[in-house]
Amino acid sequence: MTRIVHTGDTHVGYRQYHSPERRRDFLDAFEQVIADAVADDADAVVHAGDLFHDRRPELPDLMGVLSVLRKLDAAGVPFLAVVGNHESTRGGQWLDLFESLGLATRLGAEPVVVDETALYGLDHVPASQRDDLDYEFDSHDADSAALVAHGLFTPFAHGDWDTETVLQESTVAFDAVLLGDNHTPDTAEVDGTWVTYCGSTERASASERDGRGYNIVTFETGETADQTTVDIRRRALDTREFVFVDAELGSGEGAERVQSRLASYDLADAVVLVDITGEGEPVTPAEIESFATEHGALVARVRDRREIETEAAAVSVDFADPDRAVRERLSEVELSGAAREIDDLVRDDAVVDSNLRDRVTERVRERLDAGTLTADADDTNVTSVDETNDAGDTNTTADTDDADDTNTTADADDADDANTTDDTDDTDDTAQLTMEDLT
Ligand SMILES: [Mn+2]
């Protein structure tokens, strides 16, 4: 029998809501999973990608992960992983660094046998490059086999990577496919193979309401190898408290009503997310947010859905052709030539998401050199980079956090929630570049 802890979408380094505490939470969740694996003496920890939120984790994130991996290593439990879309870099991968330190194994086309099970890996591959995949895996002589992969696979929500095709074209017969990318845990059977998402270990977006956890997957061999039984169980994690308040206001109701709703919850150290719907008086989000933090909340965010609904009604969007809708809306927005150029880059499918930041930096630098960006224009253009980056994320359908945003293009708040860290970073980078180049 092989018993594996299947985790993923840890997103270490995510400074959600600009909160250093939240950043620490993501590492804490990883630490919990690993502590459980050590306590249970699991045969291996399998990580299905997105260990880091960003392809440029900072030193505290790297040091934190190293220290956790060392504990696992000291307990003699192997850490086997693939690369997710959030952390993927051109050049080498962070995972290769951990492997070179003897703290991890990067799964791929060659089997890594743990007890009675052969494990293989498939890193995240952008949709445009998937036709080139041959799904050739070296053979094994273990009793069972599992594929670990990162992407949005069918038959689950947002699935754009066909699991049946993967299973049919693979040169190895898999008993299970252990997935990462979709933050919602779920399990399905495809052509007699168990396919499962372990879910994220901390809430990376407001849409992740259910409790977080990870999978424990056991492979039990019967009389013959084709009688392998796969058992998938979930284990819950003790994560940061999130308080979701849906405040539906009746006519004449306003901030006071929202505050009295809030007062009925224990807000201590919690992330408080308030959705206002219905009718009633205008409400200032900042006022509600301070009310919540004064009552002990770690952070609070208010979304007034009533405004969003009004905006959505005012903008006529043809959802049958979202690209056209975006083009039309863009033509109504006053963007400078530079911003428009950056927007083109963001929407260009030929530019891989992971290269986007560099390409935009390159383009801005060219413009600075050519003198077509002035110091005065900087603020405007920095904002534009910011905005177009959000738009870029909207296009990133391979990303579950952002898939949420795709549904609500008129919703600026959503984009904000999922991308706060990225946005700040981008603004910083661009501002820095501008200053350096001008002085
Ligand atoms: Mn993820």
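Since we're looking at a predicted model, the values are computed, not measured. (Residues numbered from 1 in each chain as written. Predicted model: local features only at pLDDT ≥ 70, side-chain atom pairs only at ≥ 80, totals over all residues. Heavy atoms only, no water.)

Each helix and strand in the protein was counted, giving 13 helices and 15 strands. Looking at the protein alone, contacts between residues at least 24 apart form 72% of all its contacts between residues at least 6 apart. (Helix = DSSP H or I, 4+ residues; strand = E, 2+ residues; numbered from the N terminus. Contact = heavy atoms within 4.5 Å.)

Within the protein, the atoms that donate to the manganese ion are Asp 9 (OD), His 11 (NE2), Asp 50 (OD) and His 183 (NE2), at distances of 2.1 to 2.4 Å. Ordering the donors of the manganese ion by residue number gives the pattern D-x1-H-x38-D-x132-H. With a gap of 174 residues between them, Asp 9 in the loop between strand E1 (2-7) and helix H1 (20-40) and His 183 in the loop between strand E8 (176-181) and strand E9 (186-190) connect regions that are remote in the sequence. You'll find Asp 9 and His 183 in the same group, each marked buried. (Donors = N, O, S within 2.8 Å, 3.2 Å for Na, K, Ca; no water. Buried < 20%, exposed > 50% of the residue type's maximum accessible area, 1.4 Å probe, protein only.)

Ranked by internal contacts, the top residues of the largest apolar core, which has 28 residues, are Phe 30, Val 45, Val 65, Phe 79 and Phe 98. If you list the elements that add at least two residues to this core, you get H1, helix H2 (59-74), strand E3 (79-81), helix H3 (94-100) and strand E11 (213-220). Looking at this core element by element, the count peaks at six residues for H2. Setting aside chain neighbours within four positions, we find Val 65 in contact with Val 12, Leu 27, Phe 30, Leu 51, Phe 52 and Phe 98. The next biggest cluster of nonpolar side chains, apart from the first, holds 23 residues, and it includes Phe 137, Ala 145, Leu 179 and Val 195. (Core = buried A, V, L, I, M, F, W, Y, C linked by side-chain atoms within 4.5 Å.)

Chain-level statistics for the protein give a pLDDT mean of 83 and a share of 75% at 70 or above. Counting interchain partners and residues more than four positions distant, the pLDDT-below-50 stretch residues 374-439 has 104 contacts. (pLDDT = per-residue confidence, 0-100.)

A sheet is described by the order of its strands in space; here six strands give the open sequence E4-E3-E2-E1-E11-E12, paired in mixed fashion. Each edge of the open sheet carries a strand with a single partner, namely strand E4 (105-106) and strand E12 (229-236). As judged from the eight bridges shared by E11 and E12, these two strands associate in the antiparallel manner. Paired with Glu 220 across the two strands is Thr 229, which belongs to E12. Across the sheet, H1 is in contact with E1, strand E2 (44-47), E3, E11 and E12; its angle to E1 comes to roughly 175°. (Pairing = 2+ DSSP bridges. Axes fitted to C-alpha atoms, helices over the stretch in contact; angles between N-to-C directions.)

Moving on, we come to the sheet that holds strand E5 (residues 112-114). Adjacent strands of a sheet pair through backbone hydrogen bonds, lying either parallel or antiparallel. Spatially, six strands are ordered E5-E6-E7-E8-E10-E9 in an open sheet, and the strand pairing comes out mixed. Looking at which strands have only one partner, the edges of the open sheet turn out to be E5 and E9. The average undirected angle you get between the axes of adjacent strands in this sheet is 25°.

Here we come to the pattern of salt bridges. In the structure shown here, the tally under the stated rule is 20 salt bridges. Across the pair Glu 208 and Arg 212 runs a salt bridge whose closest N-O atoms are separated by 3.3 Å. On the basis of relative accessibility, which here comes to 5%, the residue Glu 208 falls in the buried class. In this structure, the salt-bridge partner of Asp 275 is Arg 305, at a minimum N-O distance of 3.3 Å. One end of the pair, Asp 275, is in strand E14 (residues 271-278); the other, Arg 305, is in helix H7 (residues 305-314), and 30 residues separate them in sequence. Among the residues examined, Asp 275 registers a relative accessible area of 12% and is labelled buried. (Salt bridge = Lys/Arg side-chain N within 4 Å of Asp/Glu carboxyl O.)

Mapping Asp 96 onto the fold places it in helix H3. Overall, the relative accessible area of 27% leaves Asp 96 in the partly exposed class. Residues Asp 96 and Arg 106 lie 10 residues apart in sequence; the distance between their C-alpha atoms is 7.0 Å. Reaching out from Asp 96, the side chain makes a polar contact with the side chain of Arg 106 at a distance of 3.1 Å. (Polar contact = N/O pair within 3.5 Å; in protein donor to acceptor, adjacent residues only side chain to side chain.)

So, on to H1. The end-to-end C-alpha separation of H1 is 31 Å, in line with the 30 Å expected for 21 residues at 1.5 Å each. The set of residues buried in H1 consists of Arg 22, Arg 23, Asp 25, Phe 26, Leu 27, Ala 29, Phe 30, Val 33, Ile 34 and Ala 37. Two residues or fewer past H1, Asp 41 is found with a positive phi of approximately 50°. (Expected span 1.5 Å × (residues − 1).)

Turning our attention to the packing of aromatic side chains. Describing an aromatic ring pair means giving the distance of the ring centres and the angle of the ring planes. Applying the stated criterion across every chain, the model contains 10 aromatic pairs. On the basis of an interplanar angle of 35° and a centroid distance of 5.9 Å, the ring pair of Phe 242 and Phe 244 is categorised as tilted. For the pair shown, Phe 242 and Phe 244 are each scored as buried. Taken together, Phe 52, Trp 94 and Phe 98 form an aromatic cluster joined through their ring pairs. Its guanidinium or amino end placed over the ring of Trp 161, Arg 130 lies 4.1 Å from that ring's centre, counting from NZ or CZ. (Phe/Tyr/Trp six-rings, centres within 6.5 Å; stacked < 30°, edge-to-face > 60°. Lys NZ or Arg CZ within 6 Å of the ring centre and 35° of its normal.)

A separate point is the packing of H1 against H2. Relative orientation of the contacting elements H1 and H2 amounts to 10°, with a least axis distance of 9 Å. Regarding the angle of H1 to H2, the classification is roughly parallel. Here Arg 23, Leu 27, Phe 30, Glu 31, Ile 34, Ala 37 and Val 38 of H1 lie close against H2, whose contacting residues are Pro 60, Asp 61, Gly 64, Val 65, Val 68, Leu 69, Lys 71 and Leu 72. Residue composition of the contact of H1 with H2, grouped by class: 10 nonpolar, one polar and four charged. (Parallel < 35°, antiparallel > 145°, perpendicular 65-115°, else oblique. Nonpolar A, V, L, I, M, F, W, Y, C, P; charged D, E, K, R; others polar.)

Counting buried positions over the eight residues of strand E13 (residues 242-249) gives six, a clear majority of the element. Looking at chain direction, E13 and E14 are connected through eight bridges and run parallel. Bridging across to E14, Asp 246 finds its partner in Asp 275. What joins E13 to E14 is helix H5 (residues 255-263), and the crossover it makes is right-handed. (Right-handed = clockwise from strand over helix to strand, strands pointing away.)

Another point: the pairing of strand E6 (residues 117-122). Remark: a regular strand shows side chains that alternate across the two faces of the sheet. Summarising burial for E6: six of the six residues are buried, a large majority. The two faces of E6 match: Thr 117, Leu 119 and Gly 121 on one face and Ala 118, Tyr 120 and Leu 122 on the other face are all buried. With three bridges connecting them, E5 and E6 associate as antiparallel partners. Bridge pairing in E6 places Val 113 opposite Ala 118.

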